[in-house]
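# What the coordinates show
Spelled out, the chains give:
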Amino acid sequence: MEGANLIVTGGCGFIGSNFVRMVLTELPNCRLVNLDNLTYAGNPKNLADVENDPRYRFVKGDICDAELVASIFAEEKIDTVVHFAAESHVDRSITGPAAFIQTNIVGTFTLLEAARTAWQGRDDVRFLHVSTDEVYGSLGETGLFTEETSYDPRSPYSASKASSDHLVSAYHHTYDFPTLITNCSNNYGPYHFPEKLIPLIISNALNGKELPVYGDGKNVRDWLYVVDHCAAILKVLQQGVFGETYNIGGNNEKQNIEVVQTVCDLLDEKVGLLSSGETRRSLIRFVKDRPGHDRRYAIDAGKIRRELGWEPSVTFEQGIEQTIEWYLNHREWVEEILSGSYRDYYAQQYGER
Ligand code: NAD
Ligand code: DAU
């Protein structure tokens, strides 16, 4: 991987931007092209600190544009694909699934074809597809998702990701194509778009706005600090076995209500109570549930730990503290998003909450 020529798709998003920064730090001799068409979730400012690095090139474009993708493979002699680009928000997949089918399925297919065409006969190449634990469906009170768990996607988002995973696996079996798939649990950390639970709650709680908790708040997610996810992906790229899948998770199962309460308490501690004198927990509102809301996700990350020696570096308590500090120190990053076109979208979907 030392002198690798990478294409990272979706590098202006949440996880992609953290990953691009990590690669440029960890692999001094690499070159990296970031292909991102800057949807509402893509923000070039996430990578402002690396944009003048001579090893880095940003291309604004769509992963579904076969001609563009082929030209990047040729010009940049790409030998490594790390594929993050996706429509990623479950709620949006319920109200508007079409973009999920296009980007997540057709886009992945377009990248696979471009790589297969460009790489014929090469054995020094690799295609890593970044996926999610949501493809496995929903767990009951007990049990963990392993790499052997059957796929059972239940939202348009997870169905589109499952479909792309199957395409990637099929390319390995059919063409002996050098694939790696990672299925990760919920990430949190710097540059997380404020429609997702943790950054939404931080932002609303700072602004004294209501904190919407879906249903009874007892749905469980298994939280992983984004930097640990990026380190796992780098490990899989460097040491993973082609054709294999690696589950990645932080062993941090929490009910949503616990997460929201933790954020409230930490903010009360760090910035003081609300101007009314009340705690931020007073802003919590139980609202209408997400349709088909998966009850519980939890990852068994034993395979990546045993076979590649990866482990998370921070606990949830450390990670959430660092995350809140980051948001407190980057309030303008959130404010800029909240004052742009996202504000109108949010108001249309959710009213004034
Ligand atoms: P994100 O929504 O923050 O970022 C997605 C990025 O992809 C954006 O920069 C967007 O502009 C870009 N993009 C979207 N459509 C594109 C297209 N057609 N062409 C080019 N670029 C396009 O997403 P994220 O949370 O960073 O997730 C990244 C990947 O990781 C996704 O594949 C997601 O399924 C997966 N994943 C996310 C999580 C999580 O908790 N966020 C967990 C597991 C897996
Ligand atoms: O599990 C991995 C997945 O995690 C990724 O594949 C997805 O891309 C990512 O968006 C995330 O999906 P979730 O649906 O779990 O994340 P979200 O932040 O939307 O919601 C987390 C939990 O919080 C979920 O149970 C729904 C709930 N929730 C969410 C929002 C936005 C609320 O209670 N209130 C909210 O306002």
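See above for the structure.
Each chain has its residues counted from 1, running along the sequence as written. Chains and ligands are labelled sequentially in the order written, the chains with letters from A and the ligands with numbers from 1. Reporting of local features is limited, given that this is a predicted model, to residues whose pLDDT is at least 70; pairs of side-chain atoms are given and counted only at 80 or more, and all residues count toward the totals for whole chains, interfaces and linings. The basis for every side-chain value is the complete set of non-hydrogen atoms in the structure, without hydrogens or water.

Looking now at the overall build of the protein. The number of helices and strands found in the protein is 12 helices and 13 strands. Over its C-alpha atoms the protein spans a radius of gyration of 20 Å, differing by no more than 12% from the 20 Å that the globule rule assigns to 353 residues. Summarising its shape, the C-alpha atoms of the protein cover approximately 65 × 45 × 40 Å along the three principal directions. A burial count over the protein gives 55% of its 353 residues as buried. To be clear on the numbers: accessible area is Shrake-Rupley with a 1.4 Å probe, and residue cover counts the displayed protein chains and nothing else. Entry remark: accessible area of the protein is about 14,800 Å², with carbon and sulfur atoms responsible for 48%. When charges are counted, Lys and Arg contribute as positive and Asp and Glu as negative, whereas His and the chain ends are disregarded. By convention, the point assigned to a charge is CZ for Arg, NZ for Lys, CD for Glu and CG for Asp. Computed over 33 positive and 50 negative side-chain charges, the inter-centroid distance for the protein is 2 Å. Only runs of H or I of at least four residues qualify as helices and only runs of E of at least two qualify as strands under DSSP, and these elements are numbered from the N terminus. Our radius of gyration looks at C-alpha atoms and nothing else; its globule reference is 2.2 Å times the residue count to the power 0.38. For every residue, the accessible area obtained with a 1.4 Å probe (protein chains only) is divided by the maximum for its type, and the residue is called buried under 20%, exposed over 50%, and partly exposed between those limits.

Proximity is defined per residue: if any heavy atom of the residue lies within 4 Å of a molecule or strand, that residue is considered near it. Among the 23 residues in the neighbourhood of ligand 2, the closest are listed as Thr132, Asp133, Tyr157, Arg290 and His293. As used in this structure description, the phrase polar contact means that two N or O atoms lie within 3.5 Å; if the pair is within protein, one of them must be able to donate a hydrogen and the other to accept it, and residues adjacent in sequence are counted only when both atoms belong to side chains. For ligand 2, an oxygen atom lies 2.8 Å from a polar atom in the side chain of Glu134. Contact between ligand 2 and His293: an oxygen atom at 2.7 Å from a side-chain N or O atom of the residue. About the coverage of ligand 2: the protein hides 94% of its 690 Å² of free accessible area. For the shell around ligand 2, the element with the most residues is strand E8 (residues 211–214), which contributes 3 residues. Each residue gets one label: Ala, Val, Leu, Ile, Met, Phe, Trp, Tyr, Cys and Pro are nonpolar, Asp, Glu, Lys and Arg are charged, and the others, such as Gly, are polar. Taken together, the residues that form the shell around ligand 2 break down as 9 nonpolar, 8 polar and 6 charged.

For the rest of this paragraph, the subject is the pattern of salt bridges. Note on definitions: salt bridges are taken to be side-chain nitrogens of Lys or Arg within 4 Å of carboxyl oxygens of Asp or Glu. Counted according to the given criterion, the structure contains 21 salt bridges. In this structure, Glu113 engages Arg116 in a salt bridge whose closest nitrogen and oxygen atoms are separated by 2.9 Å. Taken together, the residues span about one helical turn, with Glu113 and Arg116 both in helix H4 (residues 98–118) at a distance of 3 residues. Measuring nitrogen to oxygen at the nearest pair gives 3.0 Å for the salt bridge that ties Asp124 to Arg122. With a relative accessible area of 40%, Asp124 lands in the partly exposed category. Relative accessible area serves as the criterion here: at 36%, Arg122 is assigned to the partly exposed category. Each of Arg31, Arg57, Glu75 and Glu76 takes part in salt bridges that share partners, so that together they form one network.

Glancing now at the sheet that holds strand E3 (residues 56–60). Paired strands, as defined in this entry, are two strands with at least two bridges between them according to DSSP. The strand order E3-E2-E1-E4-E5-E6-E11 describes an open sheet built from 7 strands, whose pairing is parallel. Two strands bound the open sheet, and with one partner strand each, they are E3 and strand E11 (245–248). In this sheet, adjacent strand axes meet at a mean angle of 20° when their direction is disregarded. Here 5 bridges tie strand E2 (residues 31–36) to E3, and the two strands are oriented parallel to one another. Here an axis means a line fitted to C-alpha atoms, over the contact stretch when the element is a helix, while the angle between two N-to-C directions is reported on a 0 to 180 degree scale.

A two-sided burial pattern is seen for strand E4 (residues 80–83), the buried positions comprising Thr80 and Val82 on one face and Val81 and His83 on the other. Bridge count between strand E1 (residues 5–9) and E4: 4 bridges; the pairing is parallel. Of the residues in E4, the one forming a bridge with Thr9 is His83. In terms of strand pairing, E4 meets strand E5 (residues 126–132) through 4 bridges, oriented parallel. Of the residues in E5, the one forming a bridge with Thr80 is Arg126.

Further remarks concern the site of ligand 1. Surveying the vicinity of ligand 1 reveals 28 residues, the closest of which are Ile15, Asp36, Ser88, Tyr157 and Lys161. Take Phe14: an N or O atom from its main chain is 3.0 Å from an oxygen atom of ligand 1. In this structure, a nitrogen atom belonging to ligand 1 sits 3.0 Å away from a main-chain N or O atom of Ile63. Burial of ligand 1 by the surrounding chains reaches 96%, relative to a free accessible area of 830 Å². If you list the elements that add at least two residues to the shell around ligand 1, you get helix H1 (14–26), E5 and helix H5 (156–175). Grouping the constituent residues of the shell around ligand 1 by class yields 12 nonpolar, 13 polar and 3 charged.

The next subject is the nonpolar core. In these notes, a set of buried Ala, Val, Leu, Ile, Met, Phe, Trp, Tyr and Cys residues joined through side-chain atoms within 4.5 Å is what counts as a nonpolar core. Counting 79 residues, the largest nonpolar core has Phe19, Val82 and Ile304 as the members making the most contacts within it. The residues touching Phe19, leaving out its near neighbours within four places in the chain, are Val8, Val82, Phe84, Cys230, Ile233, Leu234 and Leu237. Residues Val33, Ile72, Phe73 and Ala85 belong to the second largest nonpolar core, which totals 23 residues. Here a residue-residue contact requires only that any non-hydrogen atoms of the pair lie within 4.5 Å.

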